[in-house]
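Each chain is listed here by its residues.
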Amino acid sequence: MSANNWTVCPKCFSRMSYEIDNINDLLANEYGNISADGYLALVNKRDLLIQKKLPYEFREDYEIFMQKNGELYIRYGGSCSVCGYSKEFSLGKFMGEAR
Ligand SMILES: [Zn+2]
């Protein structure tokens, strides 16, 4: 069965952003305290992370449909093949009889 959509994983994106923030903190705190080469190595590492495009590894499957009895179903499932992060959601709600 094919996925409805593939997108960037929110957890992988958050981890990368956290890593960039940590390097920015290091750059701010260690300026003048580490060698110029060490500082530039950190700048290059940060810039590579910023330019890195995360692959679309987060699979999304979803459906929405109305049952004959008037119940509306919404189902969503997503999971990342890299870090294993996943989320599921479903809702069934009676919408009243059709007239
Ligand atoms: Zn992930």
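First, a word on what this report is: a plain description of the structure on this page. Quick caveat: nothing in here was measured; it's all calculated off a predicted structure.

Parameters at a glance
- Each chain has its residues counted from 1, following the order in which its sequence is written.
- Reporting in this predicted model follows two pLDDT cut-offs: at least 70 for local features of residues, and 80 or more for side-chain atom pairs to be given and counted; totals over whole chains, interfaces and linings ignore these cut-offs and use all residues.
- Helix and strand definitions here come from DSSP, where helices need a minimum of 4 consecutive H or I residues and strands a minimum of 2 consecutive E residues; each element is numbered from the N-terminal end.
- Here, expected helix span is obtained from the residue count minus one, scaled by 1.5 Å.
- Here, strands pair whenever DSSP counts at least two bridges between them.
- Helix axes are fitted to C-alpha atoms over the stretch in contact, other axes to C-alpha atoms as well, and angles between N-to-C directions run from 0 to 180 degrees.
- Exposure classes come from backbone-placed C-beta atoms, where a residue is buried if 20 or more other C-beta atoms lie within 10 Å of its own, exposed if 12 or fewer do, and partly exposed in between.
- Contact between two residues is assigned when their C-beta atoms, built from the backbone, lie within 7 Å.

**Quick word on helix α1 (residues 10-30)**
Between its terminal C-alpha atoms α1 stretches 30 Å, which fits the 30 Å expected from 21 residues at 1.5 Å a residue. The first or second residue beyond α1 is Gly32, which carries a positive phi of 85°.

**Re the sheet that holds strand β2 (residues 58-66)**
Taken in spatial order, the 4 strands line up as β1-β2-β3-β4 in an open sheet, and their pairing is antiparallel. The strands lining the two open edges of the sheet, one partner per strand, are β1 (5-7) and β4 (86-94). For this sheet, the mean inter-axis angle between neighbouring strands, taken without regard to orientation, is 15°. Of the pairings in the sheet, the one linking β2 to strand β3 (residues 71-80) comprises 9 bridges and is antiparallel in character. Each residue of the ladder has a partner; that of Tyr62, found in β3, is Tyr76.

**So, the pairing of β2**
Two faces belong to every sheet, and in a regular strand the side chains alternate between them. Taken together, the 3 bridges between β1 and β2 define a ladder with antiparallel strand orientation. Opposite Asn5, over in β2, you have Glu60 as the bridge partner. As consecutive antiparallel partners, β2 and β3 are separated by 4 residues, and within that stretch Gly70 has a phi angle of approximately 90°, a positive value.

**Observations concerning the environment of Arg46**
Along the polypeptide, Arg46 turns up in helix α2 (residues 36-51). When the 18 C-beta atoms within 10 Å are taken as the criterion, Arg46 is described as partly exposed. Between the C-alpha atom of Arg46 and that of Asn24, which follows or precedes it by 22 residues, the distance is 7.6 Å. The contact partners of Arg46, leaving out residues within four places of it in the chain, are Ile20, Ile23 and Asn24.

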